[in-house]
Amino acid sequence: MADPMKIRAQIKGDVTEIRVLMGHAMETGQRKDAAGKVIARKIINAFTCTLNGKVLFSAELAPAVSANPALNFFFTARESGTLEFKWTDDDGSVYALSRSLTVT
Amino acid sequence: MEMNVTRRTVLRGAGSLGALSALIAAGALKPIEAYAAEWNKAAFEAHDTASALKGLGAGTPADHKDLILKVPDIAENGAVVPVDVISNIPNTSSIAILVDKNPSPLSAQFDFSNGALAEVSARLKLGQTSMVKAVAKADGKFYTAQKEVKVTVGGCGG
């Protein structure tokens with residue numbers, strides 16, 4: 001089973017690049033199983049990254065996002081603190097990870 | 001059930017705010033998240049690009065040379081097409097990506113604040129050869145850039 005969330009960070013000068021890889025099938029709701037029955041849609045529909053509770057980056061995703069969503073985004077960190085990465089599934093379940101960020 | 005309520009709310013227009021206010025007062029929804037979710041729902045459910053753009057409030061956005069869309073000319077695998085968008089338009093607060101020929105063109109919407117740069121990479125599914133459009137919102141105005149991506153079947157060139 002793929003990791004629900006893997007985070008990589010790369011810092012170049014002032015800018016931090018975050019690469020998130022989310023393990024999720026992103027079922028579109030358009031596929032049918034062997035019996036011809038539609039496989040229900042089930043996707044990650046939202047992702048946010050906050051720093052000390054303030055939203056830096058948020059995403060709303062549709063079924064057209066590839067399986068195992070990989071998002072890269074960038075920010076200039078203005079303060080040290082806690083980064084929280086969170087995704088939300090169609091069924092309401094949430095997966096979150098926190099990381100410390102230190103700005104020197 | 002939840003989806004039906006939202007759809008009726010969107011269709012009712014002004015009257016919908018009453019229902020939303022009741023939900024906010026009841027603590028069931030956070031105000032900004034509720035508004036954003038409802039605002040984008042019509043856009044995400046649209047089956048053509050024009051309706052999706054209308055749902056986003058984007059109308060007919062103007063091309064902008066500082067909105068940079070990077071996509072492959074030919075996608076080896078339509079299930080995983082890398083899309084990079086960089087907006088050098090000042091005060092870009094959000095970027096949406098649409099795939100014209102997909103059943104629901106609006107594929108993703110990204111919002112940037114508190115020091116985030118207006119730049120994002122994602123991977124999308126393209127059902128067939130299609131224009132891919134990036135739409136950036138900056139200072140309340142909308143701008144676009146688009147490129148065609150050829151999707152091949154069986155690995156042959158388009």
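An account of the accompanying structure is given in this report. (Residues numbered from 1 in each chain as written. Chains lettered and ligands numbered in written order. Predicted model: local features only at pLDDT ≥ 70, side-chain atom pairs only at ≥ 80, totals over all residues. Heavy atoms only, no water.)

## Re the overall build of chain A
- On a plain count of helices and strands, chain A comes out with 0 helices and 7 strands.
- Viewed in the frame of its principal axes, chain A has a C-alpha envelope of about 60 × 25 × 20 Å.
- In chain A, the share of contacts with a sequence separation of at least 24, taken over all contacts with a separation of at least 6, comes to 51%.
- Counting only carbon and sulfur atoms, one obtains 51% of the accessible surface of chain A, whose full area is about 5600 Å². (Helix = DSSP H or I, 4+ residues; strand = E, 2+ residues; numbered from the N terminus. Contact = heavy atoms within 4.5 Å. Areas by Shrake-Rupley, 256 points an atom, 1.4 Å probe, with all protein chains shown as cover.)

## Description of the environment of Val135 of chain B
All names here are of chain B.
- The topology assignment puts Val135 in strand S8 (residues 130–138).
- Accessibility expressed as a relative area gives 3% for Val135, which makes it buried.
- Between the alpha carbons of Val135 and Asp100 there is a distance of 13 Å; along the sequence they are 35 residues apart.
- Excluding residues within four positions of it along the chain, Val135 makes contact with Leu53, Ala58, Pro61, Ser94, Ile95, Ala96, Leu98, Phe142, Tyr143 and Thr144. (Buried < 20%, exposed > 50% of the residue type's maximum accessible area, 1.4 Å probe, protein only.)

## Considerations on the pairing of strand S4 (residues 81–87) of chain B
Residues and elements named next belong to chain B.
- Where burial is concerned, most of S4 is hidden: 5 out of the 7 residues are buried.
- Of the strand pairs in this sheet, strand S2 (residues 67–70) and S4 are connected by 4 bridges, and their pairing is antiparallel. Bridge pairing in S4 links Ile68 to Ile86.
- Relative to strand S7 (residues 116–124), S4 runs antiparallel, the two being bridged by 6 bridges. Its bridge partner lying in S7, Val81 is registered against Leu124. (Pairing = 2+ DSSP bridges.)

## So, the interface of chain A and chain B
- Taken together, the contact between chain A and chain B spans 28 residues of the former and 26 residues of the latter.
- Our count for the chain A to chain B interface comes out at 0 salt bridges.
- Where chain A packs against chain B, one counts 18 residue pairs in polar contact (both at pLDDT 80 or more).
- Sorting the residues of the side of chain A that touches chain B by element identifies strand S2 (15–21), strand S4 (54–61) and strand S5 (70–76) of chain A as the ones contributing at least two each.
- Considering only residue class, the side of chain A that touches chain B consists of 18 nonpolar, 7 polar and 3 charged. (Salt bridge = Lys/Arg side-chain N within 4 Å of Asp/Glu carboxyl O. Polar contact = N/O pair within 3.5 Å; in protein donor to acceptor, adjacent residues only side chain to side chain. Nonpolar A, V, L, I, M, F, W, Y, C, P; charged D, E, K, R; others polar.)

## Notes on the pattern of salt bridges
Residues and elements named next belong to chain B.
- Scanning the model with the defined rule gives 10 salt bridges over all chains in all.
- One salt bridge in this structure joins Asp66 and Lys65, with 3.5 Å as the shortest N-O distance.
- Of the residues examined, Asp66 reaches a relative accessible area of 25% and is grouped as partly exposed.
- In this structure, Glu148 engages Lys150 in a salt bridge whose closest nitrogen and oxygen atoms are separated by 3.1 Å.

Everything listed here is a matter of geometry and, on its own, says nothing about what the molecule does.
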